[in-house]
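# A look at the structure
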Amino acid sequence: MSKLLHRKSVLVVKDYLLNIDPNIELIVLDDSARTAQDAANSLNQDVGSIVKSLLFKNTDNDYFLCLVSGDKYLSTDKLSKITGCKILKASADEVKTQTGFSIGGVSPIAHTHTPKRIYIDKNLGRFEMVYAAAGHPYVVFGITYSELIKISKAAEKNIT
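The structure reproduced in this document is the subject of the present report. (Residues numbered from 1 in each chain as written. Predicted model: local features only at pLDDT ≥ 70, side-chain atom pairs only at ≥ 80, totals over all residues. Heavy atoms only, no water.)

### Quick look at the environment of Tyr73
Its place among the elements puts Tyr73 in the loop between strand E3 (63-69) and helix H3 (76-83). The exposure class of Tyr73 is exposed, given its relative accessible area of 70%. Considering only alpha carbons, one finds Tyr73 and Val10, 63 residues apart in sequence, at a separation of 26 Å. What Tyr73 contacts, discounting residues up to four positions off in sequence, is Lys52, Ile159 and Thr160. (Helix = DSSP H or I, 4+ residues; strand = E, 2+ residues; numbered from the N terminus. Buried < 20%, exposed > 50% of the residue type's maximum accessible area, 1.4 Å probe, protein only. Contact = heavy atoms within 4.5 Å.)

Here it is as structure tokens:
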């Protein structure tokens, strides 16, 4: 078994998933999944099926996690309209503090501090199976789109 599966950040995700569905398995990649394209190449999947977990905040320091298809870009204008406030991208330090994960390994679940809201872009619904980071750039998990919505408690929105 890979040493990566014993890293603290990966164990947090693994434990969370075990409580929800013990059939969801972590996948250790040979190559990094630091970018959506890297993950897609490693998994031999369409880049659109890769979940990018992106953290944003408003001026009151309320955080919003956005789950976006790997082949799309988040629209901060759309997110601002949905949240009703000006949106800024969270810094790397804020991402680590709020989620417990470093950029490149941010999971859509099991955060240190629960975001005010989690939004999932409807474009991910094109894929029955999607792949998300599991706490490390070399570890992901596959999950159906509908199950990801359920376990992350995400609101479906058009945010790209």
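### Some words on the pattern of salt bridges
Side chains that differ in charge, positive against negative, can pair when their charged atoms come close. What the rule picks out here adds up to 3 salt bridges. One salt bridge in this structure joins Lys57 and Glu94, with 2.5 Å as the shortest N-O distance. Of this pair, Lys57 sits in strand E2 (residues 51-58) while Glu94 sits in helix H4 (residues 92-99), and the two are 37 residues apart along the sequence. Grouping residues by exposure puts Lys57 and Glu94 together as buried. In this structure, Arg126 and Asp71 form a salt bridge, with 2.8 Å as the shortest nitrogen-oxygen distance. Here Arg126 is found in the loop between strand E5 (117-121) and strand E6 (129-136), whereas its partner Asp71 is found in the loop between E3 and H3, with 55 residues between them in sequence. Looking at Arg126, the relative accessible area reads 43%, which means it is partly exposed. By relative accessible area, which is 31% here, Asp71 ends up partly exposed. (Salt bridge = Lys/Arg side-chain N within 4 Å of Asp/Glu carboxyl O.)

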